[in-house]
Structures are given as structure tokens and as C-alpha cells.
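# Overview (structure and organization)
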Amino acid sequence: MKNYFKLILFAFSLVVVSCDKDFNSVGSDLVGDEHFNYEIDSLAEMKAYTKATGEVQTNNLSVNSLGIYKNDVFGTTTASFVTQVGMTVGNPDYGTNVQIRDVYLYVPFFVSNKVTDTNGDSTYELDSIFSNNYDVDANLDQLSSKKFKLSVFENGYFLQNSEPNGDIQKYYSDMGSLIDSNKKGSDSNGNSINNGNRLNDDVDVSQNDQFYFNKNEIKIYKKNTINGNYVYVDESGNELPNQSDATTWVVKERLSPGIYLKLNKNFFYKKFFDSTNPANLNLANMVNNNNFRNYFRGLYFKVEAIAGVEAAMAMLNFSRAKLSIDYSSISTGSTSLTDKTATFNLGISSGNQTVSLLDNNFNQSYLDNGIFNPENNSSNSNYGKNEKLYLKGGVGSVVYMDLFGPDTNGNNISDQLEFYQNKKWLINDAYIEFYIDTNVMNQLNKKEEPLRLYLFDATNQIPLIDYTADATVNTNSKFNKSIFGGTIDRKNTSRGVKYKIRITNLINNLFNSTNESYNKNLRLGLCVSETISTTSNFYYKSPVSILGQEIKYFPAGSIMSPVGTVIHGPNSLDIGKRLKLKIHYTEPN
């Protein structure tokens, strides 16, 4: 019986070897049978172009950056933010004799690996935090030293939903000075005035002048109004005898780590509750969110560097944020104060407008690569055959690629593509490997390397068929579309080596489809991606041009990412890592 199974196994191995003899490849460095590893010289015509994005559309992104990120390869980005604020309940009845107890703002961080002890206290690892020397995987507890100045103001600039011609309103990354010049704050009595004092004016400097991304769990303690005073109470609601003994305070609510700021109580009383205020919200301003957003135009988060201090940047989903006002008032039909909470939402939830405000100071070495003069070599035969290609999210750069050579016979099909179409190959696999220039990127820690690159159809500004056809999912959505690929490959090392993106269906259509909509050559685009699930397009403020093609927009996922990478181009000095399309195929008999 054992010999029988050995015979079956041997026969199966012969079938595999026989089938492999029909499995060929175009391109070098293929893994597998060396006897069928061919390199087609004409594929050296593949061209790639690094294009500066210039200022980009940044309103209503699902993820926004906040803070300061110094990247030794690309430069420094300072990210501020402005958002409208919306009511969760329209036309509310706050009651009478309103007394504000606390006003706080909470914006949760992205977190992972929550561990809870027997006391109910939780510890977390923070995700999507970027700083020059911070690497969460190395267990470096450095965030408390990564400080910057954070000021929260009332936004005084009205953010519209639509342009005068009816198009959806577009706001761009460079409108920070406009927002800043229209900011409002509080005077000494709590009144809203132009260029007034910031609203996060607590004596705790970690909430303003020395702000940092605190990884600790946030605890909110139980307090009640007793005899007109707002005091700490025990589980039964009785006033604690020693109000200053924090060890006796009872935890009412636990929040995951995030931005937690106490805001000026007098300002919000004057703005929202003061019946003597002629513009009081209890009039028409609180009937609906349209009126409310015109009256209270939102919050402006202003970020400033502290001299000599290296800061950090976090990616935040402001739609999970909340502005809460704890207050006491007398309800209709009652004679005593009752403790209540009014909650308002931020971010793009409930129709709020937001804008990410990005200020960049690029390194000269990044500028010197010609990305801010994108057509400067277009008349040169080597245009598009760069040694290095630069990809950076936010206000940065995108790479565009032409897989096949030009059309010289005037039939609107690349001559090289026609050559392959005549072969009638069965495409088994096709992909592009993007090798990281480790000589450049080793300046950074591994958390500063993009987790994901995204390849798209830049001719039609849509996802590739291979992206759409891939239905794979992961518990972490950042790893969805695993067959399509684009996730960094570290090759069992701490550093990234390459990215690999599969385009089998695209190449099969280009080579074999009879549908002219599918077999025409495409220009591809490559960018970093904060989230692979986001394929919507946002606008360049000034369209980029590639050999006469004007491109107006590109994937929003790139705008949401602060990081970048450098990859080997078609003319890299390291020949084995040059940018190449690789195709495995079966020739017809």
C-alpha cells in the first residue's frame, strides 16, 4: 500500500513538471523555472512619471491628520483642521436657570491591542501615529515628549455645501490662512469676538501649550448637583466627604485614548444658553442644523510648533468625535435642578463640512527631483525613465505609468501592445513589483513607510478590474483586497523591500479582449493609500499634465496619508530592481 501511494505521488509530480513547461514569463527575477524566464527588451519602454500634486482638495475626508510630522526624506507637514458642528437633536428644550458644569471635546484615536486588567483599567496601543523617531512596534513610549501647541477656536468662516454654479463645494489644503484670519474666541466675559482667546484654556498645559497624544485611557468621574453645587459622589449618589481625594472618585465612563479637552464654560453659556444674548440659540438659530451652522460655524483646531521640540501627527476620524456640555436646569413642570448633557457632533457626520489644512516645508532633496516642474523633460527621450520615483500622501506626489510604448502607425494602439495581442497568450498571472529604494528609506523607522500602495486606471480615473474583482476581506480593513495586493513586503525583516500589485485581468483584457473598451492601452496611476477601501477621487487645485493629458483628480486615499516612499524607477542603477511589468502566460499550441 505504501508503494502504491509513492507511485501516485511520483505520477502527480510528473504532471506538475509537465504543466510547468507551458508556464512562461515576461520580465526578469521571476521565481521558479529558470528555463522559461525570458526578458523582452521592448518592455524597457515602460515609462513612469513622478508628479507633484500641488494643493489638493481636502474637504469632507473620512480621515484627517492633526499635528506635525517631520519626515527626513520629504520634509515637514503641519496639519490643522476645521469642522462644522451639528446638533444631535433639533429645536431642543434646555429648560430654565441653566448652569453649565463642564464642557469637553473628545476625539478618539485609532487604537489596537486593548488589554483590560481585573480593576477594569485598560491599556492600548495607538495606531496611525507618526513621528520621526516613534515606532510603536518597538515599544517606544516617547509620545509624551512629542509636543506641539494646540488651540481650539470658534470658526468664523462659513463653509458652504455647494458652489454658486450648483457643483459640490470644493475646499483645498491651502486655505489655512483664510480660516485663521476669520477665527473667533472668547473675551474675558465669555463673549464671542474676532481673534478672541482660544476655547481650550484649561490650566493643564497638556491640553493646549504642551499638547501631546496621550495613550492612556480616559476616565470620567461621577458628579451630581447637590444643594446647587456640582460635586463628586459615590455609587449611591451621595456627596463624597473629601472632594480632592481622587482615589475615592467613582468612574462613570471610560473612553479609549483620544484628544480630551476642557473648553471655556462661560463662552458656551453665552453662545448657547444666555437668554440675554440677542442672538441666543433658543430663537430661530436652533430650529435646525442649517440655521445652527450659520450661527455657530464650527471649531478650528490650530496646530503650531514649539521651538526645538519634535512633535507627532495622528490620523483621526472626527466623525467619531463629540462636543459635550454637562449642565443643570429646571425642566418644565419641575422646581428643582436636574443634571443633563447636550451633545453635538463633529466631522462629516450629519452633513457637517470639514477641511484638512496642510502646510508643508519640503526638503530640498525632494524638490530637486523635478516633481514641481513635471513637464521639464517631456521633450527628452529619457523623459519618464527616472532612476527614482517619489510617492507621498497629502500634498505630495503621485506616479503615473505607461506600460507599453507609443503608437507610431496611427491606429490608436501601442505598437508594442499590438505585438502582444497577436500572440494570443493565455495570461496566467501579471503583476508589477515596486522595489523600495532602501538606501533612501532606511533613514526612517518602519512605521513611516506606507503600509499600502494603490494602483488605478488614470486614463478613466477608476479602479482597475483586478481591484474590483478581489473580494478578499480581513479583520483589519487595511488588509482587504489581498489578492490585488499593494501591501508592503518586509521579507521577514524590519524594513520594507517591495510592493507587489497584481493586474492579471487587466493584461488579459489588453491582450485578448475584442471589446475596444478593454483592449486599449491605459495610463496607470500609483499612490500611497491610507485606506484601500477608499477609491473616490478628489481634485487637484491645479490639474497635472502628462504629455498633453490633463488630469484633474486622483484617489482621496492618498490625500489622507501623511507618509511616502521612494521606489526604483525604469532606469534605476540597480538593474534587478527596475520597474517592470511581469507576465506569466501559456502559449497556444
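Residues numbered from 1 in each chain as written. Predicted model: local features only at pLDDT ≥ 70, side-chain atom pairs only at ≥ 80, totals over all residues. Heavy atoms only, no water.

## Examining the overall build of the chain
- When its secondary structure is counted, the chain shows 10 helices and 35 strands.
- Long-range contacts, defined here as pairs at least 24 residues apart, represent 76% of the contacts in the chain between residues at least 6 apart.
- Put simply, the chain shows about 26800 Å² of open surface, and 47% of that area lies on carbon and sulfur atoms. (Helix = DSSP H or I, 4+ residues; strand = E, 2+ residues; numbered from the N terminus. Contact = heavy atoms within 4.5 Å. Areas by Shrake-Rupley, 256 points an atom, 1.4 Å probe, with all protein chains shown as cover.)

## Structural notes on helix α9 (residues 504-512)
- Residues of α9 that are buried: T504, L506, I507, N509, L510 and F511.
- Where α9 is buried, its residues meet α6 (415-421), β26 (426-435), α8 (465-469), β30 (498-502), β31 (523-528) and β35 (580-586). (Buried < 20%, exposed > 50% of the residue type's maximum accessible area, 1.4 Å probe, protein only.)

## As for the confidence of the model for the chain
- Chain-level pLDDT for the chain is 86 on average; 87% of the residues reach the 70-or-more range.
- Residue range residues 373-379 is modelled with pLDDT below 50. Its contacts to residues more than four positions away, or to other chains, number 12 contacts. (pLDDT = per-residue confidence, 0-100.)

## Focus on the nonpolar core
- Within the largest apolar cluster, 76 residues are counted, with the highest numbers of intra-cluster contacts made by Y400, L455 and I507.
- With near-sequence residues (within four places) excluded, L455 lies in contact with M401, I432, F434, L464, F484, I501, I503, L524, G525 and L526.
- Among the nonpolar cores identified, the runner-up in size contains 47 residues, and F81, M87, L150 and A314 belong to it. (Core = buried A, V, L, I, M, F, W, Y, C linked by side-chain atoms within 4.5 Å.)

## Topic: the pattern of salt bridges
- Evaluation of the coordinates by the stated rule reveals 22 salt bridges.
- For E304, the salt bridge is made with K149, and the minimal N-O distance between the two is 3.8 Å. Placement of E304 in strand β19 (residues 299-304) and of K149 in strand β11 (residues 149-154) is noted, with a sequence separation of 155 residues between them.
- Ionic pairing is found between K270 and D274, a salt bridge with its closest N-O pair at 3.9 Å.
- Using a relative accessible area of 25% as the deciding quantity, one classes K270 as partly exposed.
- Counted as one network, the salt bridges with shared partners bring together D121, E217, K219 and R254. (Salt bridge = Lys/Arg side-chain N within 4 Å of Asp/Glu carboxyl O.)

## Considerations on helix α3 (residues 265-273)
- Along α3, the residues that are buried comprise F267, F268, K271, F272 and F273. Projection of α3 onto a plane perpendicular to its axis shows the buried side chains occupying an angular sector of 165 degrees, all on one side.
- Backbone nitrogen of N266 and a side-chain oxygen of the N-cap are separated by 3.0 Å at the start of α3; the cap is N264. (Arc of directions from axis to C-beta. Polar contact = N/O pair within 3.5 Å; in protein donor to acceptor, adjacent residues only side chain to side chain.)

## Things to note about the sheet that holds strand β6 (residues 86-87)
- Read across the sheet, five strands follow the order β6-β22-β21-β7-β18 without closing on themselves; strand pairing throughout is antiparallel. Of all the strands in the sheet, just β6 and β18 (258-262) have a single pairing partner and so form its edges.
- As defined by bridge partners, strand β7 (residues 96-108) adjoins strand β21 (residues 322-330) across eight bridges and the pair is classed as antiparallel. In the sheet register, L105 faces β21, and the bridge partner there is L323. (Pairing = 2+ DSSP bridges.)

## A look at the packing of aromatic side chains
- Within this structure, the stated rule accounts for 41 aromatic pairs.
- Measuring from ring centre to ring centre gives 4.5 Å for Y94 and F273, while their planes differ by 65 degrees; the resulting arrangement is edge-to-face. Taken as a pair, Y94 in the loop between β6 and β7 and F273 in helix α3 lie far apart in primary sequence, 179 residues in all.
- On the basis of relative accessibility, which here comes to 5%, the residue Y94 falls in the buried class.
- With a relative accessible area of 5%, F273 lands in the buried category. (Phe/Tyr/Trp six-rings, centres within 6.5 Å; stacked < 30°, edge-to-face > 60°.)

## Considerations on the side chain of S122
- Relative to the helices and strands, S122 resides in strand β9 (residues 122-127).
- At 2.7 Å, the side chain of S122 and the side chain of T116 are in polar contact.
- Beyond its immediate sequence surroundings of up to four residues, S122 is in contact with K114, V115, T116 and E217.

## Side note on the environment of Y104
- Assignment of secondary structure puts Y104 in strand β7.
- Considered as a pair, Y104 and L263 are 159 residues apart in the sequence and their alpha carbons are 5.6 Å apart.
- Residues within four places of Y104 in sequence aside, it is in contact with I220, E253, Y260, L261, K262, K322, L323, S324 and D326.

## Focus on the pairing of strand β5 (residues 75-83)
- Taken across its nine residues, β5 has eight buried, putting it largely inside the fold.
- Pairing of strand β4 (residues 64-71) with β5, which is carried by five bridges, proceeds in the antiparallel orientation. By the bridge assignment for β5, Y69 is matched with T77.
- Remark: three residues form the turn of the hairpin made by β4 and β5, two consecutive strands paired antiparallel.
- One ladder, built from nine bridges, connects β5 with strand β23 (residues 354-362); its direction is antiparallel. Of the residues in β23, the one forming a bridge with F81 is S356.
- Two elements, β5 and β19, share three bridges in a ladder whose sense is antiparallel. Along β19, the bridge assignment pairs T83 with L299.

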